[in-house]
Amino acid sequence: MLITIPDVLNSEQVAEARKLLDAAEWVDGRVTAGHQSARAKDNLQVPEGHPIARQVGATILQALGKNLLFLSAALPLHVFPPLFNRYSGGQSFGTHVDNSIRQIPGTPHRIRTDLSATLFFAAPDEYDGGELVMEDTYGVKSVKLPPGHLVLYPSTSLHRVNPVTRGARLCAFFWVQSMVRDDGKRSLLFDLDQGIQRLGRDLPEQPAAAQTAVQLTGVYHNLLRQWAEV
Ligand code: NI
């Protein structure tokens with residue numbers, strides 16, 4: 001399942017993050033690439049653990065912790081501290097698949113990458129190219145989002161970033177280990193949760209709808225109990 005989560009950060013948060021990131025140190029993005037993807041990768045990154053990466057990363061994680069759409073879609077168990085990249089002057093990232101396991105820097109902890117996330121900071125009209133292109137079983141999808149918006153997609157997808165031929169593309173990227181490892185099961189839970197919420201919204205005063213919502217909420221939690229690893 002590929003899902004867009006709008007307005008993870010508001011315009012003030014985006015502006016503040018861009019100011020901080022403009023002043024950060026930028027290094028060759030191959031530092032965090034696996035063996036295979038290092039050959040395909042051509043961009044700049046803020047070093048892992050850099051104070052500015054931590055600061056802007058904390059803002060993103062705090063916002064995600066309150067974002068109901070993200071929580072429902074990702075069912076996060078662990079979220080990797082966000083990293084930041086920048087593409088300009090024709091830079092790109094060729095087709096690759098993300099590493100399955102990631103060590104969280106400075107800790108003994110590892111996470112399994114079930115979901116990959118990209119949060120956009122630059123407006124689409126500030127740069128040409130730079131689309132995130134995913135190939136999955138349903139075909140090819142191309143994503144280029146407004147500032148503050150995030151795309152979440154299965155880390156099993158082959159994906160690439162098209163060359164940025166004008167301006168600069170500035171993004172945060174990170175991974176999520178979900179309580180529900182399987183994308184199909186996670187998608188079912190998401191659909192069920194969205195349906196239950198719609199029932200409450202569309203039929204707020206109807207006792208029969210409330211009863212149905214309770215029953216479906218029970219199904220949701222009993223499925224989650226069977227499928228979740230915590
Ligand atoms: Ni990737």
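Predicted model only: the values in this text are computed from it and were never measured.

1. Some words on the overall build of the protein chain
Here comes step 1: If you tally the helices and strands in the protein chain, you get six helices and 17 strands.
Here comes step 2: For a compact globule of 230 residues, the expected C-alpha radius of gyration is about 17 Å, and the protein chain comes in at 19 Å, within 12% of that figure.
Here comes step 3: Expressed along its principal axes, the backbone C-alpha trace of the protein chain runs to roughly 60 × 35 × 35 Å.
Here comes step 4: Counting only residues that meet the buried cut, the protein chain has 46% of its 230 residues in that class.
Here comes step 5: Restricting to contacts in the protein chain with at least 6 residues of sequence separation, those with at least 24 account for 78%.
Here comes step 6: Per element, the accessible surface of the protein chain, about 11500 Å² overall, is 54% carbon and sulfur.
Here comes step 7: Between the mean site of the 22 positive side-chain charges and the mean site of the 23 negative ones, the protein chain shows a separation of 5 Å.

2. Focus: the packing of helix 1 (residues 11-22) against helix 3 (residues 51-65)
Here comes step 1: Two elements in contact, helix 1 and helix 3, have axes separated by 10 Å at closest approach and are oriented at 170°. If you check the angle between helix 1 and helix 3, you find them roughly antiparallel. Contact residues: Gln-13, Ala-17, Leu-20 and Leu-21 in helix 1; Ile-52, Gln-55, Val-56 and Thr-59 in helix 3.

3. So, the domain arrangement of the protein chain
Here comes step 1: Segmentation of the protein chain into domains returns domain 1 (3-178) and domain 2 (183-227).
Here comes step 2: Taking only C-alpha atoms, the centre of domain 1 and the centre of domain 2 are 30 Å apart.
Here comes step 3: Taken together, the contact between domain 1 and domain 2 spans 10 residues of the former and eight residues of the latter.
Here comes step 4: A combined buried area of about 670 Å² lies between domain 1 and domain 2, and 62% of that area is made up of carbon and sulfur atoms.
Here comes step 5: When the buried surface of domain 1 facing domain 2 is broken down by residue, Ser-72, Ala-73 and Leu-75 rank first, second and third, together holding 56% of it.
Here comes step 6: The interface formed by domain 1 and domain 2 contains zero salt bridges.
Here comes step 7: The biggest single contributor to the side of domain 1 that touches domain 2 is helix 4 (residues 68-74), with four residues.

Rules and cut-offs
Residues numbered from 1 in each chain as written. Predicted model: local features only at pLDDT ≥ 70, side-chain atom pairs only at ≥ 80, totals over all residues. Heavy atoms only, no water. Helix = DSSP H or I, 4+ residues; strand = E, 2+ residues; numbered from the N terminus. Rg over C-alpha atoms; globule rule 2.2 N^0.38 Å. Buried < 20%, exposed > 50% of the residue type's maximum accessible area, 1.4 Å probe, protein only. Contact = heavy atoms within 4.5 Å. Areas by Shrake-Rupley, 256 points an atom, 1.4 Å probe, with all protein chains shown as cover. Lys, Arg positive; Asp, Glu negative; His and termini not counted. Charge placed at Lys NZ, Arg CZ, Asp CG, Glu CD. Axes fitted to C-alpha atoms, helices over the stretch in contact; angles between N-to-C directions. Parallel < 35°, antiparallel > 145°, perpendicular 65-115°, else oblique. Domains from an automatic or database assignment. Buried area = accessible area lost by both parts, 1.4 Å probe. Salt bridge = Lys/Arg side-chain N within 4 Å of Asp/Glu carboxyl O.

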